[in-house]
2 protein chains.
Amino acid sequence: MSQQRQGSTPATTGAVPAFPDLPEATIARLPEYLRALHNLAETGSETVSSEGLAAAAGVNSAKLRKDLSHLGSYGTRGVGYDVALLIDQIEYILGLDQRRAVALVGVGNLGHALAGYDGFASRGFRIVALFDADAEQVGKPLNGLTVRHIDELGQAVVEEGITIGVIATPAGAAQAVADDLVAAGVTSILNFAPCVLSVPAGVDVRKVDLAIELQILSFHEHRKASLTAIPGGRSPEAGNQEAVGS
Amino acid sequence: MSQQRQGSTPATTGAVPAFPDLPEATIARLPEYLRALHNLAETGSETVSSEGLAAAAGVNSAKLRKDLSHLGSYGTRGVGYDVALLIDQIEYILGLDQRRAVALVGVGNLGHALAGYDGFASRGFRIVALFDADAEQVGKPLNGLTVRHIDELGQAVVEEGITIGVIATPAGAAQAVADDLVAAGVTSILNFAPCVLSVPAGVDVRKVDLAIELQILSFHEHRKASLTAIPGGRSPEAGNQEAVGS
DNA sequence: AGGCGCTTGTGAAGGCGTGCACAAATCGCG
DNA sequence: CGCGATTTGTGCACGCCTTCACAAGCGCCT
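Note that the structure is predicted; figures quoted are calculated from it, not measured.

A. Geometry of the nonpolar core. With 105 residues, the main nonpolar core has A:Ile90 and B:Ile90 as its most contacted residues. Looking at which element gives the most residues to this core, the answer is helix α4 (residues 83–94) of chain B, with eight residues. Aside from chain neighbours lying at most four places away, what touches A:Ile90 is A:Leu30, A:Tyr33, A:Leu34, A:Leu37, A:Leu68 and A:Leu71. Listed in part, the 25 residues of the second largest apolar core include B:Phe131, B:Val157, B:Ile167 and B:Ile189.

Here is the structure:
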């Protein structure tokens, strides 16, 4: 039926209770709720209704209630959700209270930006090591750290307790870096390189491709334009095979 | 997703529908297929099977066939897909043959990286204007362009034919920038600021939040850690609930 | 204390997406 | 010319996710 966990609040014990297996879609929204909750907390709100939080997070209120119900009953009927309590709960579920150590590989154009992105530090992550394969980059200081050669990756992962690796290299180098990360013991990878990574089971990979997002928008632009215009015009160039008739 | 569509299905379809309304999930995968196809084209492949292309794109082959079937029959049974033809088709559907003009607002940490990201230019987009609200930034050259003040946005959108705007500002400024973009006539927005944007119907917004991806990975790390920490059996089926030993 | 209004939590229904399995179609070869 | 090997295109079933609608629960006010 439902997971009921009473007594073991995350603030009191560091023990690991049973893990509710949340739907993947819910997990992806929890960070959004968390951000909205932090905003609310800053404005002094102590409680918030599902309607209010849903609006702040840009989702449907029913969806939000169902999402939160998966982690337990942390709301009060007739009142709403306790902001501070919910923040603690979500941060605990996401494992953000551990301030995970992150390694960033590739300090090129994008890597520089990521190394300096304060959104990581402010939301529970510490970039503790920077790597690059280019000897020219190695040794340079960047945002309080020194760029190290990628050969030192295995050593650094152990020393710093790194569990997450971020790949910001060109596509051609990404697979090799991923292999190195996995070999070093990293079990989660965030990949910014435009390519498919092959990793063993048990390693999680998430991909962010900036150009893909633009291409999706481009499709919608194209669609919108074709609707406002007079339909009928088509053919990119090679329009031959028609599925109609015989 | 974070965009709303008002799907009006016109009953008046005289000829071949210029625009098949593809499932959203399919659209999101087309750019991935396109990238894989370009890689294949570079290696000299003229045709590719659904199995091969699916592997290169990191998806199931049945899914790929179904996706491609939505845009028409561009494969040959017993042979596979013509690489060049499929590239043309997908690029046409995505509207990439128009090399859309893109405006980038916010040339801070992330904005710098985006302005220099060559993945945009190589995949059908032209960043034609850079904007910032900070007077200190205005006038500086960046990647062949000059940073302009955001007040000139409306003018530039018209002059350059900009249809897509990219927001790389702090969260506090994002909504105002979005309003400016919409007012200037932009109908698609890619938002890197960690906040919810409110836009009128007909405007598409896609959001990329770098920290959210890390938080999702963090959850899986947390989950994996809690599973390995349980002594005894680690069978996923046997583990039901309330294994909290006290 | 009791009723009333408000909000959560959830059962149920519908829609969407995925993956299997197979018929249809095409090419190469004897 | 026909047959077999190969691969596409798709009907179908299943599972996940979303959304609606409402009962259950909580606090406040009289």
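B. Inspection of the protein's contact with DNA strand D at higher detail. In the vicinity of DNA strand D there are 27 residues, among which A:Arg29, A:Arg77, B:Ser50, B:Arg65 and B:Tyr81 approach most closely. Put simply, 62% of the atoms of DNA strand D that lie within 4 Å of the protein are in sugar or phosphate. For the surface near DNA strand D, the secondary-structure elements that each account for two or more residues are α1 (24–42) and α3 (61–70) of chain A together with α3 (61–70), β2 (75–76) and β3 (80–82) of chain B. Of all the elements, α3(A) adds the most residues to the surface near DNA strand D, at four residues.

C. Quick look at the interface of chain A and chain B. In this complex, chain A contributes 75 residues to the contact, which on the side of chain B involves 76 residues. Of the roughly 7100 Å² buried where chain A meets chain B, counting both sides, 64% is carbon and sulfur surface. Ranking the residues of chain A by area buried against chain B places A:Gln215, A:Phe219 and A:His222 at the top, with a combined share of 10%. A salt bridge links A:Glu213 to B:Arg206; the shortest N-O distance between them is 2.6 Å. Where chain A touches chain B, the interface holds 36 residue pairs in polar contact (both at pLDDT 80 or more). A per-element tally of the side of chain A that touches chain B places helix α9 (residues 210–228) of chain A first, with 16 residues. Classifying every residue of the side of chain A that touches chain B gives 40 nonpolar, 20 polar and 15 charged.

D. Up close: the confidence of the model for chain A. Residues and elements named next belong to chain A. With 85% of its residues at a pLDDT of 70 or more, chain A has an overall mean of 88. The low-confidence segment residues 1–16 (pLDDT under 50) makes 20 contacts with residues lying over four places distant or belonging to another chain. Across residues 232–246, confidence stays below pLDDT 50; counting only partners more than four residues off in sequence or on other chains, it has 12 contacts.

E. Main features of helix α8 (residues 171–184) of chain A. Residue and element names in this part refer to chain A. Helix length check: α8 (14 residues) gives 20 Å between terminal C-alpha atoms against 20 Å at 1.5 Å per residue, within 8%. In this structure, the buried side of α8 is in contact with β4 (100–105), α7 (153–160), β8 (162–167) and β9 (188–191). One or two positions beyond α8, positive phi appears at Gly185, with a value near 110°.

F. Seen up close, the relation of the copies chain A and chain B. Mapping chain A onto chain B calls for a screw motion: a turn of 180° about the axis and a shift of 0.0 Å along it, with 0.1 Å RMSD after fitting. Interpreted geometrically, this transformation is the action of a two-fold axis. The C-alpha atom lying nearest the rotation axis in chain A is that of A:Ala113; the distance is 3.0 Å. Here 91% of the contact residues of chain A are again contact residues in chain B; the copies associate through an equivalent surface.

About the criteria used
- Residues numbered from 1 in each chain as written.
- Chains lettered and ligands numbered in written order.
- Predicted model: local features only at pLDDT ≥ 70, side-chain atom pairs only at ≥ 80, totals over all residues.
- Heavy atoms only, no water.
- Core = buried A, V, L, I, M, F, W, Y, C linked by side-chain atoms within 4.5 Å.
- Buried < 20%, exposed > 50% of the residue type's maximum accessible area, 1.4 Å probe, protein only.
- Helix = DSSP H or I, 4+ residues; strand = E, 2+ residues; numbered from the N terminus.
- Contact = heavy atoms within 4.5 Å.
- Near = heavy atom within 4 Å.
- Buried area = accessible area lost by both parts, 1.4 Å probe.
- Salt bridge = Lys/Arg side-chain N within 4 Å of Asp/Glu carboxyl O.
- Polar contact = N/O pair within 3.5 Å; in protein donor to acceptor, adjacent residues only side chain to side chain.
- Nonpolar A, V, L, I, M, F, W, Y, C, P; charged D, E, K, R; others polar.
- pLDDT = per-residue confidence, 0-100.
- Expected span 1.5 Å × (residues − 1).
- Least-squares fit on C-alpha atoms with pLDDT ≥ 70 in both.

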